[in-house]
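Close look at the chain arrangement
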Amino acid sequence: MRPSPGAPPAAVGGGPAPEADDARWSISVVFSFALIVGAYFTFRFSGRWVEGDTASQADNIRAMIRDMTILSPSGVLYSNGYAFSAVSTFIVAFTGVKIETLLQLIYPLVSATLVLVAWPVYREFTGSARAATVATLILFVQPEFLFVILRGSHERVLRVFLLLSMWLLLRSFRHADKTPLYATYVFLFYLTVYGTIATNSWFGSSYVWALATALVGSWVARWLGPGLRPVSLSTQRRLLYVPIFAGVLAFLFNSYIYPPSGQTLGQIPSILDRLSRLMLTTSPDPSTTRYNAYAAIFDQWVDIRVYFLLSLGTYLLLAGSAALWIRMGLRWLAGVGDRPTLGRWLLWLLYGASALQGAMSVVADNAGMLGGNLQYRSFPTFVMMASPIVAIGLTEWRPKPRTRVLASGALGILALLGIAKATNDPAVSNGWSFYLPSEVSALRFLGDYMKEGQLYWSDFDERLRALRILVNASNLTPTLDPNAVGLRTYLISDIIRARAARLGRPVPPVTGELRIYDDGDVQIYRKRSLTPYQD
Amino acid sequence: MAISERTTTPAPTVQTSVPAEADSPTTARGRHGWWDLASCAVIAVLALLVAGASPALRTPIGLAAVLYVPGFALAAAIFPTNAQIDRVERVALSLGSSLGLLAVLALILDKVDHGLAPESIRSAVVGSSLLLLVLAIVRRARTAPAAPRTVTPPNRARPSRAKRFTQAIVVANLLVAGLAYVLTLTTQPAAPTEFYVVGPQRVVLDYPRDVQVGEPAEVIVGIHQTTDAGGTYHVEAATADTVLASLGPVTLKPGERWEAPMRIALPAPGDDQEVVIRLLREGQPDPYRYLRLWLNVHASEPA
């Protein structure tokens, strides 16, 4: 059911309006579900999980606390923005918790508060409390979104800023005729835009581009569909200055406030150059070799079919949202049904903009630019836009009771699969992220008793390398190559042995070597010196 | 306060999806009163007062003082009543504005020497929160008194089945999440007991390789006791059939570290002789931990 012009928006999302109290309970259900997911994320590994970005952020926060400045003279800082480190520093100043406790145990629960931010935004977009509840639920069963907000990275802060700024933008649109209120919303909007840029200037700039794209899309739509003219004009009038001012804010931030962030954006002009070198030469040099963002998937999961099963919700969201988005657009263009509301129109535009950015990130990833993982990085933003699109479709759906029960069951199964994927559950994932307390002890031993410059091996991937940074165990960087020149020390734990069995890879041969450390679960071996001159 | 679908007056040309006014005028001020501002002020002040207390006490108060109170104070200063935003929107705005304020505050503090020291941070956050709360109080006090609050008789009817089901889910979810979290916090294992051997310089270097028969090779053995219990140990170095050296008994308190030099002399020549250094725990027949060295033992040269 859609509103007719002039009709109250209670009917926008379809269905009868629930009582306010019912809506509160609906939010509570999603919020408590998010709390369960957060608690499970820590409970699954007893709070002992680690991954690269979490470790890196721990290092940045530690440097900010130690040096008491956002630009640490040690050079240890998050080059894309300072806000997450600053927020964490503030929390540590008040609570006195350890940085690893904050990242591993507290933040996953704090992430549940995103529900309370997402819900009003989605209500503003969809015009329906029911659609907002469904959209928020869909958002919180998406593994790609869950993973980024549960781990110890800046994304939980970033998502709050992004969601809130969209709500403020829509509110400012709605109150454009009331100057003081409009100015208030505009002030708060730019505060959140600044927060987005200060958290990650790359994402902040992408957001500015998305708004600019929405503006252009609105302008194009004005000429294509006469029925879209009013909403398009309204959007243009109010959106025109946003990309300009936000762009200036981003420029000031990158150039003057936090210069390290400008370095990342400085890579953008070279993308075309790298792409052309990649496409036009028959013998590309290694620096321009095509980067395959999907290559890791085959190693990362026990079976590629399991990966696709766990990603089912993602693919359904992709396909469903795309179909609904096209249908909505075509109906509006053809003038069938009702004209779009401002909220739905902006949602439709931002969905298109984020999809376009997703496509562009595939190009950037192929060029091996910006870490080569932009598809992965930009997908959660796309999910944020796709969820309400699908929710609108679902709330307009009128299934029979039995179908409704089946659909609810399917959503429950998708939620479980999503959680398994987001937590890298070792039953299905080869990318183990958990560790033992004894591994921490062993890393500290190496930090205490190895000399600067000595090499050691610990695990087949970044797991213990990240753990070393997270718990600040030592300044020694382990090598991932068990045959590295000069390497004579090997840290072998029960987890590494189990992992070697899972991956079908041999544990470094240490049987006939010195065994210099034993804490029950972990042993450290040192290769015997072959000549009297080796130490 | 309306959280559900609400009515609005659409703009002349564009339908807006959400109503302009969140609450009815009758609830504009009466709904809030002063308790919300007062409780935020209490949290902010408490966060300062408990600065030296244990993290268990400081954590919930500190999190609220950092992640909620500053934004709530800002939102209350801007929107002193519920006339423009409803409760859910106020919560969202409080959470987001807190983070935005912290981003700006960090930038300002960074310009001051040692601005990001814990004391400066606490003072700045609490100070700005209280300032905004005072502004909010002034603005709320100046707001024209609302019409007398409509007193709605409490609804004695039993909640609908769907609502009861929803409430049960919320309670169950909170219980499960709470249980999982408490289990996580309370089942943190202690650090293990570590047993190690290092070279004479106390680094992972210079392990003995070639020795003469009867010539003692020196290493340093160490024990780092687990943090949850004490223990008494013996350390002995042995070949397959001969005990070469022993140390102890050593009694260690939880978390205590012990290191001592150990001299190992082998009685017979031969290459690749395995020396096992065992950590024997009192009351346990089998070695608790063990280490291994390899030595090439050469016959003594004639004097």
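This structure is a prediction, so every number in the text was calculated from the model and none was measured. (Residues numbered from 1 in each chain as written. Chains lettered and ligands numbered in written order. Predicted model: local features only at pLDDT ≥ 70, side-chain atom pairs only at ≥ 80, totals over all residues.)

1. Overview of the overall build of chain A
For the record, the criterion: Secondary structure is summarised from DSSP: a helix means a run of H or I of at least four residues, a strand means a run of E of at least two, and numbering begins at the N terminus for each. Once C-beta atoms are placed from the backbone, each residue is buried if 20 or more other C-beta atoms lie within 10 Å of its own, exposed if 12 or fewer, and partly exposed for counts between those two.
Scanning chain A from N- to C-terminus turns up 23 helices and four strands. Put simply, chain A has 535 residues, and 54% of those count as buried.

2. A word on unusual backbone geometry
Generally, phi is negative for residues other than glycine and the peptide bonds are trans, each holding for most cases. The omega torsion across Gly248(B) and Pro249(B) is 10°, close enough to zero to call that bond cis. Within the secondary structure, Pro249(B) sits in strand S5 (residues 243–252). Phi at Asn424(A) takes a positive value of approximately 50°, unusual for a residue other than glycine. Checked against the element boundaries, Asn424(A) lands in the loop between helix H20 (401–422) and helix H21 (437–449). Residue Asn424(A) is classed as buried on the basis of its 22 C-beta neighbours within 10 Å. If you check the backbone angles, His114(B) has positive phi at about 55° while not being a glycine. Classification of His114(B) as exposed rests on a count of 12 C-beta atoms within 10 Å.

3. With respect to the interface of chain B and chain A
Note the threshold: For the purpose of contact definition, each residue receives a C-beta atom placed from its backbone, and two residues are in contact when these atoms lie within 7 Å. For this classification, the nonpolar set comprises Ala, Val, Leu, Ile, Met, Phe, Trp, Tyr, Cys and Pro, the charged set comprises Asp, Glu, Lys and Arg, and every other residue, Gly included, is treated as polar. By this definition, two strands are paired if DSSP reports at least two bridges between them.
If you look at the interface, chain B gives 88 residues, while chain A gives 104 residues. Of all the elements in the fold, those that place two or more residues in the side of chain B that touches chain A are helix H2 (55–67), helix H4 (87–110), helix H5 (118–142), helix H6 (161–186), strand S1 (194–198) and strand S8 (289–298) of chain B. For the side of chain B that touches chain A, the per-class residue count stands at 52 nonpolar, 22 polar and 14 charged. Sheet analysis places strand S3 (residues 514–518) of chain A next to S1(B), joined by two bridges and oriented antiparallel. Counterpart to Tyr517(A) in the pairing with S1(B) is Tyr196(B).

4. What about the environment of Val219(B)?
All names here are of chain B. Along the polypeptide, Val-219 turns up in strand S3 (residues 217–224). We classify Val-219 as buried; it has 21 C-beta atoms within 10 Å. Along the primary structure Val-219 and Val-198 are separated by 21 residues, whereas in three dimensions their C-alpha atoms are 6.1 Å apart. Setting aside residues no more than four positions away along its own chain, Val-219 makes contact with Val-197, Val-198, Gly-199, Tyr-207, Pro-208 and Met-262.

5. Remarks on the domain arrangement of chain A
Residues and elements named next belong to chain A. To be explicit about the condition: All domain edges in this entry derive from an automatic or database-based domain assignment.
Looking at the assigned domains, one finds that chain A contains domain 1 (15–264 + 287–422) and domain 2 (437–526). Distance from the C-alpha centre of domain 1 to the C-alpha centre of domain 2: 37 Å. Across the contact, ten residues belong to domain 1 and eight residues belong to domain 2. Considering only residue class, the side of domain 1 that touches domain 2 consists of three nonpolar, three polar and four charged.

6. Let's talk about the domain arrangement of chain B
You can read the domains of chain B as domain 1 (25–150) and domain 2 (194–298). Of note, the centres of domain 1 of chain B and domain 2 of chain B, computed from C-alpha atoms alone, are 60 Å apart.

7. Quick word on the confidence of the model for chain A
Where we set the bar: pLDDT gives the predictor's per-residue confidence on a scale running from 0 to 100.
Summary statistics for chain A give a mean pLDDT of 87 and a share of 88% for residues scoring 70 or more. Here residues 1–19 of chain A is a poorly scored stretch, pLDDT under 50, and it has 53 contacts once near neighbours within four places are set aside; other chains count.

8. Description of the environment of Leu139(A)
Residues and elements named next belong to chain A. Inspection of the secondary structure assignment puts Leu-139 in helix H6 (residues 129–139). The sequence separation of Leu-139 and Ala-391 amounts to 252 residues, and the corresponding C-alpha distance is 9.9 Å. When near neighbours in sequence (up to four residues on either side) are disregarded, Leu-139 contacts Ala-118, Phe-145, Val-383, Met-384 and Ser-387.

9. Observations concerning the pairing of S8(B)
Residues and elements named next belong to chain B. Judged by which residues are buried, S8 turns out to be one-sided: Arg-289, Leu-291, Leu-293, Leu-295 and Val-297 face inward and are buried, whereas Tyr-290, Arg-292, Trp-294, Asn-296 and His-298, on the alternate face, are not. Bridge count between strand S2 (residues 210–212) and S8: three bridges; the pairing is parallel. When the sheet's bridge partners are listed, Asp-210 is paired in S8 with Asn-296. Direction of pairing for strand S7 (residues 270–281) relative to S8: antiparallel, over a ladder of eight bridges. Among the inter-strand pairings, Arg-278 is bridged to a residue of S8, identified as Tyr-290.

10. Structural notes on the confidence of the model for chain B
Residue and element names in this part refer to chain B. Model confidence for chain B is summarised by a mean pLDDT of 85, while 84% of its residues fall at 70 or above. Across chain B, element-level confidence peaks in S1 with a mean pLDDT of 97 and bottoms out in H6 with 84. Between residues 1–30, whose pLDDT stays under 50, and residues either more than four places distant or in other chains, the model counts 108 contacts. Note on the complex model: pTM 0.87, ipTM 0.88.

11. Thoughts on the pairing of S5(B)
Residue and element names in this part refer to chain B. Pairing of strand S4 (residues 231–238) with S5 involves seven bridges; the strand directions are antiparallel. Of the residues in S5, the one forming a bridge with Glu-236 is Ser-246. Remark: four residues form the turn of the hairpin made by S4 and S5, two consecutive strands paired antiparallel.

12. Description of the packing of helix H1 (residues 35–49) of chain B against helix H3 (residues 69–78) of chain B
All names here are of chain B. Rules: As a rule, the C-alpha atoms of each element are fitted with a line to give its axis, helices using only the stretch in contact, and angles between N-to-C directions run from 0 to 180 degrees. In this scheme the handedness of a crossing depends on how the near helix is turned from the far one: anticlockwise by less than a right angle means left-handed, clockwise means right-handed.
Between H1 and H3, the shortest axis-to-axis distance is 10 Å and the interhelical angle comes to 145°. Relative to H3, the crossing made by H1 is left-handed. Residue-level contacts link Leu-37, Cys-40, Ile-43 and Ala-44 of H1 to Val-69, Phe-72, Ala-73 and Ala-76 of H3. Residues belonging to the contact of H1 with H3 are distributed by class as follows: eight nonpolar, no polar and no charged.

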